[in-house]
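# Chains, contacts and geometry: an overview
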Amino acid sequence: MKVDGSCHCGKIRFEAEVDPRKVVICHCTDCQTLSGTVFRTVVPAIEGTFRILSGAPKVYVKTGESGNKREQTFCPDCGTPIYSATVGANPQVFGLRVGALRQRDQLMPSDQFWFRSSQPWLQGLPSMAKRQTQPVFDAKGGFDDP
Ligand SMILES: [Zn+2]
Ligand SMILES: [Zn+2]
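What you see is a predicted model, and the numbers here were worked out from it, not measured in a lab.

Rules of the game
Residues numbered from 1 in each chain as written. Chains lettered and ligands numbered in written order. Predicted model: local features only at pLDDT ≥ 70, side-chain atom pairs only at ≥ 80, totals over all residues. Heavy atoms only, no water. Donors = N, O, S within 2.8 Å, 3.2 Å for Na, K, Ca; no water. Tetrahedral: all angles 85-135°; square planar, octahedral: opposite > 155°, others 65-115°. Pairing = 2+ DSSP bridges. Helix = DSSP H or I, 4+ residues; strand = E, 2+ residues; numbered from the N terminus. Axes fitted to C-alpha atoms, helices over the stretch in contact; angles between N-to-C directions. Core = buried A, V, L, I, M, F, W, Y, C linked by side-chain atoms within 4.5 Å. Buried < 20%, exposed > 50% of the residue type's maximum accessible area, 1.4 Å probe, protein only. Contact = heavy atoms within 4.5 Å.

### A short note on the coordination of the zinc ion (ligand 1)
Taken together, the protein ligands of the zinc ion (ligand 1) are Cys 7 (SG), Cys 9 (SG), Cys 75 (SG) and Cys 78 (SG), with distances of 2.3 to 2.4 Å. One way to put it: the four donor atoms around the zinc ion (ligand 1) meet at angles of 105 to 115°, and that makes the site tetrahedral.

### Here we look at the sheet that holds strand 2 (residues 13-17)
Pairing is antiparallel in the open sheet, where three strands are placed in the order 1-2-5. Of all strands in the sheet, those bounded by a partner on one side alone are strand 1 (2-6) and strand 5 (51-54). Neighbour-to-neighbour, the strand axes of this sheet turn through a mean angle of 25°, independent of strand direction. Sheet topology places strand 2 next to strand 5; three bridges connect them, and they run antiparallel. Across the sheet, the residue bridging to Glu 15 is Arg 51, located in strand 5.

### A short note on the nonpolar core
Ranked by internal contacts, the top residues of the largest apolar core, which has 20 residues, are Phe 14, Phe 50 and Leu 96. Taken together, the elements giving at least two residues each to this core come down to strand 2, strand 8 (81-86) and strand 9 (94-97). The dominant element in this core, judged by the number of residues it contributes, is strand 8, at three residues. In this structure Leu 96 touches Val 3, Phe 14, Ala 16, Val 18, Thr 41, Val 42, Val 43, Ala 45, Phe 50, Ile 82, Tyr 83 and Leu 101, once residues within four positions along its chain are discounted.

So this is what it looks like as structure tokens:
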């Protein structure tokens, strides 16, 4: 399946081909911090198909618990995470950040990694209050109960 994506400010644009059955959620604590939320959704680009069409992401190399190094890339202007990649491997494997892909509504995860560090409250999402937009905030950042 052909996918394309961009960062929030539009400076970085890219395309790739992915297997939609390979979408995974990662609950590891690094993904929690690096995504600024509580899990990350990733799909690997099929070998040789990932291409940056415009812009150049900034690269941060993180060392994982296993000692493996991975490039984490993001837009230097708006901070949108773009992909992670192996360092020095050939071919490089690119893990695309599903939230930056235009076709994200068609990329449903089928597996969860590092579930032991997942936030337990995620189990309660189906029964949590749901608003189609967001409430009006008052001057102190408060809002009405659902
Ligand atoms: Zn950007
Ligand atoms: Zn992770």
